[in-house]
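What follows is each chain in one-letter form.
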Amino acid sequence: MSDNVTADVTIDSRGAICPGPMMDLIGKVKSVDPGTVLELRTEEGSTTDVPEWTETANHELLDVVDRGDCWSIYVRKA
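Residues numbered from 1 in each chain as written. Predicted model: local features only at pLDDT ≥ 70, side-chain atom pairs only at ≥ 80, totals over all residues. Heavy atoms only, no water.

1. Observations concerning the pairing of strand β4 (residues 71-76)
Short version of the rule: Relative accessible area decides the class of each residue, using a 1.4 Å probe on protein chains only: under 20% of the type maximum gives buried, over 50% gives exposed, and in between gives partly exposed. Think of it this way: any DSSP run of H or I at least four residues long counts as a helix, any run of E at least two long counts as a strand, and we number them from the N terminus. In this description, strands pair whenever DSSP reports at least two bridges between them.
Among the six residues that make up β4, five are buried, leaving the element largely enclosed by the rest of the structure. Here strand β2 (residues 37-42) pairs with β4 via six bridges, running antiparallel. Its bridge partner lying in β4, Leu40 is registered against Ile73. Taken together, the six bridges between strand β3 (residues 60-66) and β4 define a ladder with antiparallel strand orientation. Pairing of Leu61 across the sheet is with Val75, part of β4.

2. So, the side chain of Thr36
For clarity, the cut-off: Two N or O atoms form a polar contact when they lie within 3.5 Å of each other; inside protein one atom must be a possible hydrogen donor and the other a possible acceptor, and for residues adjacent in sequence the pair counts only when both atoms belong to side chains. Any two residues having at least one pair of non-hydrogen atoms within 4.5 Å are treated as being in contact.
Within the element layout of this structure, Thr36 appears in the loop between α1 (20-31) and β2. Note on Thr36: relative accessible area 12%, which makes it buried. Within the structure, Thr36 has its side chain in polar contact with the backbone oxygen of Asp33 (distance 2.7 Å). Contact partners of Thr36, with chain neighbours within four places excluded, come to Asp8, Val9, Val75, Arg76 and Lys77.

Quick look at the structure:
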């Protein structure tokens, strides 16, 4: 995990092709309470799509971390 962020929920979408990771995140966001921190583990392509979506959907992008074998994108549900 990020040194600065602790996730309440982790979504492992490594290996999924677009738009799979985004759909996984959106689906999970709908099922959790406001304030929940989600970690999406994914490929590099999502590092641009997810930040754009969080801004549009009014959620908070907390961090984007390169893990070497995947990326972790942390989002707090509004």
